[in-house]
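Residue-level structural notes
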Amino acid sequence: MLKRCILAENRKLHASPIWAMFFVLPILSATYGTFNYLQNLEILTDGWYSLWTQHTLFYSMFFFPAMAATYAAYLWRLEHLGHNWNLISPVPPLDLFAAKFAVMTKLALLTHGFVFALFVFCGKVFAHLPGLPPVTLPLFLLRGLLGALAVIAAQLVLAMVIRSFAVPIFLGLMGGLQHGVCFSNSRSISEEYLQNSGCFCGSSAPRGAGLRLLDLFHRSVLLRHWSTTFFIPVLIVPCERL
């Protein structure tokens, strides 16, 4: 049943309007990041690492949360139309949610890959940086994908229980803004979660600092905690809704 659910969710993406957002928002993020880097060359002197901080700064705080929220709202949109919840009642709720989670993870992976391709393109064409990006930057990218799993789970739960298409997206935008505030203050444990939601997790760290073993272990524990927290509502949502 899970495999059939995944195939059905993938079919929703065929000729979907979300592909326009898939291309436009990362390009906007790369444009802002590259422009900001070129305007501050006297401060940003660490080459590829400096350009990376500018690209992921905008993407993690503003663009990715909105994209994740839109992906989730679109995948649940069909279920919220009419009486479709009753029509899919034979489908196990956990299989339905897991299928959407798998498809959103695939979308996040494709989005991150496109962001990295834009980063390399801007670094060579506009910033004229020598050589290729350091190998640690793709590792930051993979860390960000792990952190994005908690965001994906949270947005899927919100889009599942809220019938409106726009409200979960608005909440995603607010979460991105809160991420910026918490990242600046560096105070509470919610800031740790929101740093994970900010993708890439090493984007504003000094060179090499993003791969410290203790920091990685700490974040992985928090990631598992938040992912579990957002999966629990799937099991306790009233059966008539599923």
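Residues numbered from 1 in each chain as written. Predicted model: local features only at pLDDT ≥ 70, side-chain atom pairs only at ≥ 80, totals over all residues. Heavy atoms only, no water.

1. Some remarks on the layout of surface pockets
Keep this limit in mind: We place a 1 Å grid over just the protein atoms. Points where a 1.4 Å probe fits but has no way out form a cavity, open points with protein on both sides within 12 Å along at least 5 of 7 lines form a pocket, and any residue with an atom within 4 Å of a point lines it. Grid points are joined across faces, edges and corners, and a volume is the space filled by probe spheres set on the points. Each helix is a run of DSSP H or I of at least 4 residues and each strand a run of E of at least 2, with the numbering of both proceeding from the N terminus. Under the scheme applied, nonpolar residues are Ala, Val, Leu, Ile, Met, Phe, Trp, Tyr, Cys and Pro; charged residues are Asp, Glu, Lys and Arg; polar residues are all the others, including Gly.
One number sums up the size of the largest pocket: a volume of about 310 Å³. Taken together, 13 residues make up the lining of the largest pocket; nearest its centre are Ala-8, Glu-9, Glu-79, Ile-88 and Leu-96. When contributions to the lining of the largest pocket are tallied by element, the ones reaching two or more residues are helix H1 (2-12), helix H3 (48-80) and helix H4 (84-87). Looking at the lining of the largest pocket, its residues break down into 8 nonpolar, 1 polar and 4 charged.

2. Things to note about the side chain of His-112
We count it as follows: Partly exposed describes any residue whose relative accessible area lies between the buried limit of under 20% and the exposed limit of over 50%, with all areas from a 1.4 Å probe on protein chains only and scaled to the type maximum. By the criterion applied in these results, polar contacts are pairs of N or O atoms within 3.5 Å in which, for protein atoms, one can donate a hydrogen and the other can accept it, and in which residues neighboring in sequence qualify only through two side-chain atoms.
With respect to the helices and strands, the residue His-112 is situated in helix H5 (residues 93-125). The class for His-112 is buried, based on a relative accessible area of 1%. Only 3.5 Å separates the side chain of His-112 from the side chain of Tyr-59, close enough to count as a polar contact.

3. Comments concerning unusual backbone geometry
Leaving glycine out, the prevailing phi sign among residues is negative, and the prevailing peptide bond configuration is trans. The phi dihedral of Ala-15 is positive, around 55°, even though this residue is not glycine. With phi around 55°, His-128 is a residue other than glycine that occupies positive phi space. Locating His-128 in the fold gives a position in the loop between H5 and helix H6 (136-161). The class of His-128 is exposed, set by a relative accessible area of 62%.

4. Considerations on the pattern of salt bridges
Note the following rule: Within this document, salt bridges are pairs made up of a side-chain nitrogen of Lys or Arg and a carboxyl oxygen of Asp or Glu, the two lying within 4 Å of each other.
Going through the model one piece at a time under the given rule, you end up with 4 salt bridges. In this structure, Lys-12 and Glu-9 form a salt bridge, with 3.2 Å as the shortest nitrogen-oxygen distance. Here the residue Lys-12 and the residue Glu-9 both occupy positions in helix H1, the gap between them amounting to 3 residues, near one helical turn. Glu-9 shares its class with Lys-12; the two are buried.

5. Brief notes about the confidence of the model for the chain
Heads up, the condition is: Predictor confidence is given residue by residue as pLDDT, running from a minimum of 0 to a maximum of 100. By definition, residues are in contact when any of their heavy atoms lie within 4.5 Å.
Taken as a whole, the chain shows an average pLDDT of 77; of its residues, 73% reach a score of 70 or greater. Contacts for the low-pLDDT stretch residues 186-242, under 50 throughout, to residues beyond four places or in other chains number 104 contacts.

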